Amino acid sequence: MTDPLLQLARPVVGLVRLPHSEGLDLPSYESAGAAGMDLRAALPESQPLTLAPGARALVPTGLVFELPDGYEAQVRPRSGLAFKHGITCLNTPGTIDADYRGEVKVLLINHGDAPFEITRGARIAQMVVAPALQVVLELRDEAGETARGAGGFGSTGTG
Ligand SMILES: O=c1ccn([C@H]2C[C@H](O)[C@@H](COP(=O)(O)OP(=O)(O)OP(=O)(O)O)O2)c(=O)[nH]1
Ligand SMILES: [Mg+2]
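Residues numbered from 1 in each chain as written. Chains lettered and ligands numbered in written order. Predicted model: local features only at pLDDT ≥ 70, side-chain atom pairs only at ≥ 80, totals over all residues. Heavy atoms only, no water.

## Re the sheet that holds strand 2 (residues 37-40)
The pairing of strands in a sheet happens through backbone hydrogen bonds and is either parallel or antiparallel. If you trace the four strands from one edge of the open sheet to the other, you get 2-11-6-8, paired in antiparallel fashion. A single partner strand is all that each edge strand has here, and the edge strands are strand 2 and strand 8 (94-96). Direction aside, neighbouring strands of the sheet carry axes that sit 35° apart on average. Sheet analysis places strand 6 (residues 71-76) next to strand 8, joined by three bridges and oriented antiparallel. In the strand pairing of strand 8, Ala73 is matched with Ile96. (Pairing = 2+ DSSP bridges. Helix = DSSP H or I, 4+ residues; strand = E, 2+ residues; numbered from the N terminus. Axes fitted to C-alpha atoms, helices over the stretch in contact; angles between N-to-C directions.)

## Examining the sheet that holds strand 7 (residues 87-89)
What the three strands build is an open sheet, ordered 4-9-7; its pairing is antiparallel. Strands with a single pairing partner mark the edges of an open sheet, and in this sheet they are strand 4 (56-60) and strand 7. The average angle at which neighbouring strand axes cross in this sheet is 35°, direction not considered. Pairing between strand 4 and strand 9 (residues 105-110): five bridges, direction antiparallel. In the strand pairing of strand 9, Pro60 is matched with Lys105.

## Examining the UniProt feature "binding site: substrate" (unreviewed entry) in the chain
On the UniProt side, "binding site: substrate" (unreviewed entry) is annotated at positions that read Arg78, Ser79, Gly80, Asn91, Thr95, Ile96 and Asp97 here. Taken together, the annotated residues stretch across 20 residues and extend over separate regions, lying up to 26.4 Å apart by C-alpha. Looking at the element boundaries, Arg78 is found in the loop between strand 6 and helix 2 (79-85). The class of Arg78 is partly exposed, set by a relative accessible area of 24%. Dropping the residues within four chain positions of it, Arg78 is found in contact with Asp38, Ile87, Arg123, Ile124, Ala125 and Gln126. (UniProt positions renumbered as here; feature names shortened; annotations may be inferred. Buried < 20%, exposed > 50% of the residue type's maximum accessible area, 1.4 Å probe, protein only. Contact = heavy atoms within 4.5 Å.)

## Some thoughts on a nonpolar patch on the surface
Taken together, the side chains of Leu133, Val135 and Leu137 define a hydrophobic patch exposed on the protein surface, amounting to about 430 Å² of accessible area. Locating Leu137 in the fold gives a position in the segment after strand 11 (123-131). Classification of Leu137 as exposed rests on a relative accessible area of 80%. (Patch = residues over 30% accessible without salt bridge, like charges linked within 9 Å, V, L, I, M, F, W, Y side chains within 5 Å. Areas by Shrake-Rupley, 256 points an atom, 1.4 Å probe, with all protein chains shown as cover. Salt bridge = Lys/Arg side-chain N within 4 Å of Asp/Glu carboxyl O.)

## Regarding unusual backbone geometry
Pro93 follows Thr92 through a cis peptide bond whose omega is -15°. Relative to the elements of secondary structure, Pro93 occurs in the loop between strand 7 and strand 8. Positioned with a positive phi, Phe153 is a non-glycine residue whose angle comes to about 55°. Looking at the element boundaries, Phe153 is found in the segment after strand 11. When its relative accessible area of 91% is taken as the criterion, Phe153 is described as exposed.

## Some points on the site of ligand 1
In the vicinity of ligand 1, the contacting residues are Asn91, Gly94, Thr95, Ile96, Asp97, Tyr100, Glu103, Val104 and Lys105. One nitrogen or oxygen atom from the side chain of Asn91 is found 3.1 Å from an oxygen atom belonging to ligand 1. At 2.5 Å, a side-chain N or O of Asp97 approaches an oxygen atom of ligand 1. Across the complex, the protein chains shield 49% of the 570 Å² of accessible surface that ligand 1 would expose by itself. Per-element tally for the shell around ligand 1: the top contributor is strand 8, with three residues. (Near = heavy atom within 4 Å. Polar contact = N/O pair within 3.5 Å; in protein donor to acceptor, adjacent residues only side chain to side chain.)

Listed below in structure tokens is the structure:
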């Protein structure tokens with residue numbers, strides 16, 4: 001169920017379509033509660049991209065986003081592509097800064113064992129918009145005590 005307050009609080013994200021994404025579906029939430037909007041490859045129809053095993057490529061989306069201050073967008077892999085074909089984002093999650101006004105691109109890598117063809121319009125990744133605070137760093141002589149202290153990297157065990 002949609003919380004009416006959340007509905008009201010939906011931030012507006014500007015979107016500019018570059019000529020090479022003309023005709024492609026714009027990103028949209030594929031289900032009522034989806035966290036991400038799928039991004040499509042804005043490759044030329046006549047020039048699909050074949051990613052050989054181990055190869056990586058920066059795939060254009062043909063889209064420029066204008067995020068409100070205090071937000072970021074994360075470019076994340078799609079689990080289906082990862083599970084079925086070993087296709088994922090190399091820099092996951094990719095970070096789109098609120099002040100970035102260039103084209104969003106998706107850095108894909110083929111971790112599978114077969115070449116993978118990306119065609120125009122293929123949904124290659126998903127974009128999640130999230131709040132991102134800029135903080136003020138305060139240099140201190142030492143950090144305050146906690147029960148955990150410096151324990152990490154498995155310090156609480158596995159079972
Ligand atoms: O998957 C990604 C990651 C980044 N970007 C764009 C938007 C982001 O705002 C900009 C810079 O990204 P990042 O800070 O990750 O890269 P950098 O290597 O630190 O470059 P820069 O020095 O430009 O910040 O590149 C993308 O289009 N796709
Ligand atoms: Mg950077």
